[in-house]
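Residue strings, one per chain:
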Number of protein chains: 2
Amino acid sequence: TLSFCMTLDEDMNYDCLLLQNLHKWVAVESDSVQPQTRQEVIRMIDIAAENLQALGADVTLDNASFQQLFDGQHIPLPPVILAKLGKDPLKPTVCFYGHVDVMPAKREDGWKTDPYTLTEIDGNLYGRGTTDNKGPILAWIHAVTAFKDLPVNIKFIIEGMEEAGSIGLEEIIERENERFFSDVDYIVISDNLWLTTKKPALTYGTRGNACFSVEVEGGEKDLHSGGVGGIVHEPMSDLIALLDSLVNASGHILIPGIYDDVAPLTEEEKKLYDTIEFDLQEHKVNIGVKNFIYNTKEDILLHTWRFPSLSIHGIEGAFYEPGIKTVIPSRVIGKFSIRQVPHMNLSTVERQVKEYLEDVFSKRNSTNKLRVSMKMGAMPWLANINEPQYKAAKKAIQRVFKKDPDMIRDGSTIPIAQILQDKTKKSVMMFPIGAADDGEHSQKEKISRFKSFTTCLQMNLISQLKSDDAMGRSSQK
Amino acid sequence: TLSFCMTLDEDMNYDCLLLQNLHKWVAVESDSVQPQTRQEVIRMIDIAAENLQALGADVTLDNASFQQLFDGQHIPLPPVILAKLGKDPLKPTVCFYGHVDVMPAKREDGWKTDPYTLTEIDGNLYGRGTTDNKGPILAWIHAVTAFKDLPVNIKFIIEGMEEAGSIGLEEIIERENERFFSDVDYIVISDNLWLTTKKPALTYGTRGNACFSVEVEGGEKDLHSGGVGGIVHEPMSDLIALLDSLVNASGHILIPGIYDDVAPLTEEEKKLYDTIEFDLQEHKVNIGVKNFIYNTKEDILLHTWRFPSLSIHGIEGAFYEPGIKTVIPSRVIGKFSIRQVPHMNLSTVERQVKEYLEDVFSKRNSTNKLRVSMKMGAMPWLANINEPQYKAAKKAIQRVFKKDPDMIRDGSTIPIAQILQDKTKKSVMMFPIGAADDGEHSQKEKISRFKSFTTCLQMNLISQLKSDDAMGRSSQK
C-alpha cells in the first residue's frame, strides 16, 4: 500500500472513505465560538475519537474543566483527545496536533453552498472546516491507515476549542508533559496555509500578539453634547489623541523603544526570501486592496512576518450604530494590538506601551482617568529550520511536488506552536497542507481535492522521518 | 376662577383633574423613537385631540405622511394637532407648541418607579413624559380651561415625533404658514428647563448642530491584523488621525476659520450673565463630573451657550463589543458634531470642515478613500428679548415667583424654535416650566407638583399678554 502513493500523480490512495469521512465531519456544526453549539463540538470530538479507535489507537479523552461565559454562566469544555499508535523505542515518535472545532458559519453570511454540506466544485471541496482544520486531520489519520507497518510511532492531540482561543489546552499540555509528550520526538501542526496557491510551504515562525485596552473615564454618565459640549474634558477626544499617538500614516509604531529588541535580519535569512514565489498583484486581489504601503516582495513579506505592526481595532462604549447620536460617552475603551516578533519581550512591550500612553495623556492635562492594560499576550514563535523534521519535510515535498517548499513565516499568531515548543521543549514544525486561497474563516472555505486533501504528502513525510531518523537514532541508542 | 390662582401660594386651581389627566397621558407609551410603539403615539395624539375638543377647541388632525425606516419599511407618522380656541380680532393670538411623544423608557433601564405609572414622591411627579413634554402641555390646556372668558385667542400645535427629530413637522408649518399661523402673534414653546432648580427662566437662544460623518474606506473586506498588519494603510489609523485633528485637549476647535463668524459679545449681553444664579458645584453634581475645563460661572455659561463646541461621538464599522477582536476594519465612519452659534453659517461650517479634513488627509498620503459629509444641520436660534411676550413673561414670573427670571440660552439645539421663527416670522419665546433637575430623557424624569405642574404661571402669562397687548393692539387697530 505504500509505494503506489509516493508521488502525487500516482496517488490512488485517495478513496471514497476519506471523502465520506470529511463529509461526515463537515456535517457536524462544531462551532466552538458560540456557546449554544457546544454539544456539537463534544459530539465531534467523540466522532474523531471513534475514528482513531477504529484505527487501533489507544485513545484517552482528557476532560478539561468548564468555560465561564461573559454572563457568568459555566458551560462544559469539550474533552481533548490524546491518542497513541505504536510504542516501538527504535522508531521516532511523531505527534500531530489538530482541532475539530470550527468558526461560526451560516448560509446567510454569504455562503454559496451549505457550509455544513461538503460540496465539490471544480476539484475544490467547499464547507466549514474543510481546510481549518478537519480536512488536514483526516488526511493525517488516513495516511496512518495506509501503512501496513507504521514506520514511526504516532500520537495525536486533538482539541475542540481552538477557534475560541484553545481554552484549557495549555493546562493539559503542561500536565501531560512528563507522560504523553515524554517520548515524542517531533510535533507537527497542519493548521495554516501555503503562501501561494501553487507551491507548498513550511512555516518556521509566527508573530506574537499583545492586545491592549486603553480606557478613558470621565463622569458618571453619558452626557449630551448640546448641554455640556465645551465645558468638560471629553473622554473620546482624550482616547482619540492617545490612539493617534501610536502609529504614523505609513504604519511605523511611534512607541519609544518598541523596535529595540527586534532581531537583526541576517544575510542567511535574507536569502530565504529570494526563492519565495509571491505575486504582489495576486495578494492584493486575495485580500481585496488596491495598494500596499510597500512595493517589493521582500518589503511586503518582511513587514508581514518579520517586523512588528500595530492595528487599532475599535472603541467600546462610544456610539457605533448607523445614524446620529449626539452623545458624549462617559467611558470609552480603545482596543489595539501589537504583533510582536522575536526577540521582543511581552513585559517590555507592556511597559513601553503603558509608559508612553501615560506620558501622552499627562501632557493633555485632562481631568479624566486613564487605564491602560494588556488584555492578552501571545509570544511569537520561531523554529530552527535545520532540525531533522524540517529537512525530512523538505525531502517529502520535493518528492511529491517536484519543487522546494517556500520557507515561510506567518504574520498571524498561532499560539499553539509557541506553547507546544515552550512547554515540551520538543521540535515543532508547522506543515501547512492547504493553499493560500483556501479561505479559512471565510464564506468560501475549501480544500483542494487533488493538491491538498490527499494522503500522499503525509505518507511521504512519515516515511522520510523514519529514514532520516534511522541513522540518528541507531547511532544514539 | 381667575383671581385666586394669580400667585403660587394661592394656587387652588391645582386639581384632581389635572393630576388625573397627567396620569392618563403618562400611561401611554408614546415612544416615537422605536417603530413598534408607533400606534401608541397615534393613540396619544387622539387622546390629546379629545382633551382639546372637550375644551371647545376646533381641532384638525393634519395627517403627515410616512416615515421610511433604515430597513426600507414605511410606517405611518402620527398626525399633527392644529387646534383653535377663539378668534376675536381684538385679542392677541397665542400659539402653544408642544409634543406628546416621549423617549424610550424601560423599568430595567434603572427606573425606580414604573416609567408609565405617574408616581408622586416628596412633591415630585415621576414618569416618562412628565416634564418632556406631556406635563407642560397639560398645564397649558388646564390653564385655558380655567378662564371663563379667554383674554386671548389660543392655538395649539402638538406633534408626536419630536424625540425622533420632528419628522414631517417643518413641511406642515410651511403649508400652514398662510392659514393656521396667519393671525398668530406669539408662539410659546415650553419644552426645556430652567437653569437651576429654584429660579424660573426665559430662554432666548439655542445653539445649532451640524452633524458630520467622516468615512474612510480601504479594501473590499475586513482584514486580519496578523495576516496583513504592517502592509496596508489601515482605515482606522487614518480616521483616528482625522478625528484627532479636530479639537484640542481644552476643547478649542482646530478647524481654521471656524470662530470667524461667532458674534462678538456685547456689554449689554455680558450684564445678563451677572444676575444669573448658577452654582458650579451643583452643576457638576447634576451632570456627574468632578471637573470642568473652566472655573467661573461666566466661562461655563459662555462655553455652554455662546461659543461653539465640537464633540466626537463614536465610530461605525469598527469593533465595539467587549473583549478582543484583532480585525482591521475595511470601512469606518467617524461621527462628530459642532454646536454652532450666531452668526455661524451652516454652509460655511460645512465647507471649512470638509476642506480642513481633506487637507489633513492628503498629508497622510494614504491610499484609502475619504468622504466627509454633513448629515444634519440645524441652525442656532436667537430671539429679541425686548419683544412684548418676553416682557409679559417677565412680569408674570415676577408676580408668581417674586423674582426676576434668569435670562438664559440653551447649549442644546431645539430646532423647532428656529424653524417656527424662520418659517412664520412670528415672535417665538421659550418659556420653560420645568426645573433643572427634572431629568428629561433620564431614568428619573419628573415634574415638581408645586413649582412647575400648576396652571398659575400659565394663567398669569395669558392675562399679561392681553394687558400688555391691549395698549399696543388698540393703538394699532
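As the structure is a computational prediction, the values presented were derived from the model and not from experiment.

Definitions and cut-offs
Per chain, the residues get numbers from 1 upward, laid out in the order the sequence is written. Just so you know, chain letters begin at A and ligand numbers begin at 1, following the order they were written in. Two thresholds apply to this predicted model, a pLDDT of at least 70 for residue-level local features and 80 or more for giving and counting side-chain atom pairs, whereas whole-chain, interface and lining totals are computed over all residues. Excluded from the side-chain calculation are hydrogens and water; included are all heavy atoms of the structure. Numbering goes from the N terminus for both helices and strands, where a helix is a DSSP run of H or I of at least four residues and a strand is a run of E of at least two. Computation of the radius of gyration draws on C-alpha atoms alone. For the globule rule, the value is 2.2 Å times the number of residues to the power 0.38. Relative accessibility thresholds used throughout: buried, under 20% of the residue-type maximum; exposed, over 50%; partly exposed, between the two (1.4 Å probe, protein chains only). Residues are treated as being in contact if the distance between any of their heavy atoms lies within 4.5 Å. Residue exposure ignores everything except the shown protein chains as possible cover, and the areas themselves are Shrake-Rupley values with a 1.4 Å probe. Buried surface area refers to the total accessible area, computed with a probe of radius 1.4 Å, that the two partners give up upon joining, counted for both partners together. Contacts described as polar in this section are N or O atom pairs within 3.5 Å, which, within protein, must combine one atom able to donate a hydrogen with one able to accept it, while residues neighboring in sequence count only if both atoms come from side chains. Residue polarity follows a fixed list, in which Ala, Val, Leu, Ile, Met, Phe, Trp, Tyr, Cys and Pro are nonpolar, Asp, Glu, Lys and Arg are charged, and the others, Gly among them, are polar. Confidence of the predictor at the level of single residues is given by pLDDT, which spans 0 to 100. The pairing criterion for strands is at least two bridges between them, as found by DSSP. Axis geometry follows a simple rule: fit a line to the C-alpha atoms, using only the stretch in contact for helices, then measure angles between N-to-C directions, giving values from 0 to 180 degrees. Least-squares superposition of the copies uses the C-alpha atoms of those residues scoring a pLDDT of at least 70 in each of them. Handedness of a helix crossing follows the sense of rotation of the near helix relative to the far helix, less than a right angle counterclockwise being left-handed and clockwise being right-handed. Stacked, tilted and edge-to-face pairs are distinguished by plane angle, under 30 degrees for stacked and over 60 for edge-to-face with tilted covering the rest, among Phe, Tyr and Trp rings (Trp via its six-membered ring) whose centres lie within 6.5 Å. Segmentation of the chain into domains, including their bounds, is taken from an automatic or database domain assignment. Definition used for salt bridges: Asp or Glu carboxyl oxygen within 4 Å of a side-chain nitrogen of Lys or Arg.

Turning our eyes to something else, we now look at the overall build of chain A. Across its full length, chain A carries 13 helices and 20 strands. Against the globule reference of 23 Å for 477 residues, chain A gives a C-alpha radius of gyration of 24 Å, in line with a compact fold. With the C-alpha coordinates of chain A rotated into their principal frame, the extents come out at 80 × 50 × 45 Å. The buried share of chain A, reckoned over its 477 residues, is 61%. In chain A, the proportion of contacts linking residues at least 24 apart, taken out of those at least 6 apart, comes to 80%. Carbon and sulfur atoms form 50% of the exposed surface of chain A, whose accessible area is close to 19,000 Å².

Let us look at the interface of chain B and chain A. On the chain A side, the residues contacting the 70 residues of chain B number 70 residues. Between chain B and chain A lies a buried interface of about 5,700 Å² when both sides are counted; carbon and sulfur atoms form 59% of it. Three residues, Ile-231, His-313 and Tyr-320 of chain B, lead the burial of chain B against chain A; their summed loss comes to 12% of the area buried on that side. Taken together, chain B and chain A are joined by 31 residue pairs in polar contact (both at pLDDT 80 or more). Element by element, the count of residues in the side of chain B that touches chain A is highest for strand 13 (residues 309-316) of chain B, at 8 residues. Grouping the amino acids of the side of chain B that touches chain A by side-chain chemistry returns 30 nonpolar, 28 polar and 12 charged.

Moving on: the confidence of the model for chain A. Residues of chain A with pLDDT of at least 70 account for 95%, and the chain-wide mean is 91. The model gives residues 1-13 of chain A a pLDDT under 50, and that stretch makes 38 contacts with residues more than four places away or in other chains.

Turning to the side chain of Asp-438 of chain B, a few remarks are in order. Residues and elements named next belong to chain B. Structurally, Asp-438 is set in the loop between strand 19 (427-430) and strand 20 (446-448). In terms of polar contacts, Asp-438 uses its side chain to reach the side chain of Thr-131, at 2.7 Å. When near neighbours in sequence (up to four residues on either side) are disregarded, Asp-438 contacts Thr-131, Leu-193, Lys-444, Glu-445, Lys-446, Ile-447 and Ser-448.

Once that is clear, we can look at the sheet that holds strand 20 (residues 446-448) of chain A. Residue and element names in this part refer to chain A. Taken together, the 3 strands give an open sheet; going across it, the order is 6-7-20, and neighbouring strands pair in antiparallel fashion. The two strands at the open ends of the sheet, each matched to only one other strand, are strand 6 (119-121) and strand 20. Recorded for the sheet is a direction-independent mean angle of 30 degrees between the axes of neighbouring strands. Of the pairings in the sheet, the one linking strand 6 to strand 7 (residues 124-126) comprises 3 bridges and is antiparallel in character. For Glu-120, the partnering residue across the bridge sits in strand 7 and is Leu-125. In the packing of helix 3 (residues 130-146) onto the sheet, contacts are made with strand 7 and strand 20, and the angle to strand 20 comes to roughly 50 degrees.

Right, let's get into the relation of the copies chain B and chain A. For the pair chain B and chain A, the relating rotation is 180 degrees, the translation along its axis is 0.2 Å, and the fit reaches an RMSD of 0.2 Å. In short, the pair behaves as if placed about a two-fold rotation axis. Minimal C-alpha distance to the rotation axis in chain B is attained by Ile-240 of chain B, lying at 3.0 Å. Both copies contact each other with a shared surface, as 100% of the interface residues of chain B are interface residues in chain A too.

All names here are of chain A. As for its position among the elements, Thr-275 is in the loop between helix 7 (267-274) and helix 8 (280-287). For Thr-275 and Asp-406, which are 131 residues apart along the polypeptide, the C-alpha to C-alpha distance reads 7.3 Å. Filtering out sequence-adjacent residues up to four positions away, Thr-275 remains in contact with Lys-199 and Asp-406.

Right, let's talk about the pairing of strand 18 (residues 406-410) of chain A for a bit. Residues and elements named next belong to chain A. Within strand 18, 5 of the 5 residues are buried, which leaves it mostly tucked inside the rest of the structure. Residues Asp-406, Ile-408 and Asp-410 of strand 18 are buried on one face, and the alternating residues Met-407 and Arg-409, pointing to the opposite face, are buried as well. Direction of pairing for strand 10 (residues 201-206) relative to strand 18: parallel, over a ladder of 5 bridges. By the bridge assignment, Thr-203 is partnered in strand 18 with Ile-408.

Take the side chain of Ser-337 of chain A next. Mapped onto the fold, Ser-337 of chain A is located in strand 15 (residues 331-339). Filtering out sequence-adjacent residues up to four positions away, Ser-337 of chain A remains in contact with Asn-209, Ala-210, Cys-211, Ser-309, Leu-310, Ser-311 and His-313 of chain A together with Ser-225 and Thr-326 of chain B.

For the rest of this paragraph, the subject is the packing of helix 7 of chain A against helix 9 (residues 297-306) of chain A. Residue and element names in this part refer to chain A. Their axes nearest at 10 Å, the elements helix 7 and helix 9 cross at an angle of 115 degrees. Here helix 7 runs over helix 9; the crossing is right-handed. Residues Glu-269, Tyr-273 and Asp-274 of helix 7 form the contact with helix 9, whose participating residues are Lys-297, Glu-298, Leu-301, Leu-302, Trp-305 and Arg-306. Broken down by class, the residue content of the contact of helix 7 with helix 9 amounts to 4 nonpolar, no polar and 5 charged.

Both the distance between ring centres and the angle between the ring planes are used here to describe each pair of aromatic rings. Residues and elements named next belong to chain B. Applying the stated criterion across every chain, the model contains 15 aromatic pairs over all chains. A ring pair is formed by Trp-140 and Phe-431, whose centres lie 5.8 Å apart and whose planes are at 50 degrees; its orientation type is tilted. In this pair, Trp-140 is assigned in helix 3 (residues 134-145) and Phe-431 in the loop between strand 19 and strand 20, connecting sequence segments 291 residues apart. Measuring from ring centre to ring centre gives 5.7 Å for Trp-194 and Phe-401, while their planes differ by 90 degrees; the resulting arrangement is edge-to-face.

Residue and element names in this part refer to chain A. Pairing in this open sheet of 4 strands is antiparallel, and the strands run 13-15-11-16 from one edge to the other. At either margin of the open sheet sits one strand with a lone partner, and together these are strand 13 (309-316) and strand 16 (369-378). Across the sheet, the axes of successive neighbouring strands diverge by a mean angle of 20 degrees, strand direction being ignored. In this sheet, strand 16 lies alongside strand 11 (residues 209-217) in antiparallel orientation, the contact comprising 9 bridges. If you follow Ala-210 over to strand 16, its bridge partner there is Gly-377. Helix-sheet contacts for helix 6 (residues 235-244) involve strand 11, strand 13, strand 15 and strand 16, and the interaxial angle to strand 11 is about 150 degrees.

For the rest of this paragraph, the subject is the domain arrangement of chain A. All names here are of chain A. The assigned domain composition of chain A is domain 1 (3-206 + 380-476) and domain 2 (209-262 + 308-378). Each of domain 1 and domain 2 has a C-alpha centre, and the two are 38 Å apart. Across the contact, 7 residues belong to domain 1 and 6 residues belong to domain 2. Note on domain 1 versus domain 2: buried area summed over both sides is about 510 Å², and carbon and sulfur give 64% of it. Summed over the three residues of domain 1 that lose the most area to domain 2, namely Pro-380, Leu-382 and Thr-413, the buried surface amounts to 74% of that side. Joining domain 1 to domain 2, the criterion identifies 0 salt bridges.

Here the focus is unusual backbone geometry. Apart from glycine, the bulk of residues carry a negative phi angle, and the bulk of peptide bonds sit in the trans form. Across the junction of Asp-132 of chain B and Asn-133 of chain B, the peptide omega takes the value 10 degrees, indicating a cis bond. With respect to the helices, strands and loops of the structure, Asn-133 of chain B is situated in the loop between strand 7 (124-126) and helix 3. For the bond running from Pro-342 of chain B to His-343 of chain B, omega is -5 degrees, close enough to zero to count as cis. One non-glycine residue, Asp-122 of chain A, lies in the positive phi region at around 50 degrees. For Asp-122 of chain A, the location among the structural elements is in the loop between strand 6 and strand 7. In this model, Lys-425 of chain A sits at a positive phi of 60 degrees, which is unusual for a non-glycine residue. Of note, Lys-425 of chain A is situated in the loop between helix 12 (415-424) and strand 19 (427-430).

A few words now on the environment of Glu-355 of chain A. All names here are of chain A. Looking at where Glu-355 falls in the secondary structure, it is placed in helix 10 (residues 346-362). For Glu-355, a relative accessible area of 46% gives the class partly exposed. Separated by 17 residues in sequence, Glu-355 and Val-372 have C-alpha atoms that sit 9.3 Å apart.

Moving on: the environment of Leu-223 of chain A. You can see Leu-223 of chain A is positioned in strand 12 (residues 223-224). You can call Leu-223 of chain A buried: its relative accessible area is 12%. Taking the C-alpha atoms as reference points, Leu-223 of chain A and Glu-50 of chain A, 173 residues apart in sequence, are found 59 Å from one another. The residues contacting Leu-223 of chain A, other than those within four sequence positions of it, are Val-228, Thr-326, Val-327 and Ile-328 of chain A together with Ile-287 and Val-289 of chain B.

Once that is clear, we can look at the pattern of salt bridges. Oppositely charged side chains can pair when the atoms bearing their charge come close. Evaluated as defined, the whole model comprises 52 salt bridges over all chains. Ionic pairing is found between Glu-269 of chain A and Arg-409 of chain A, a salt bridge with its closest N-O pair at 3.1 Å. Of this pair, Glu-269 of chain A sits in helix 7 while Arg-409 of chain A sits in strand 18, and the two are 140 residues apart along the sequence. Look at Arg-409 of chain A and you get buried, because its relative accessible area is 6%. Taking the shortest distance from any N to any O, the salt bridge between Arg-351 of chain B and Glu-355 of chain B comes out at 3.7 Å. Note that Arg-351 of chain B and Glu-355 of chain B are positioned in helix 10 (residues 346-362) at a spacing of 4 residues, about one turn of the helix.

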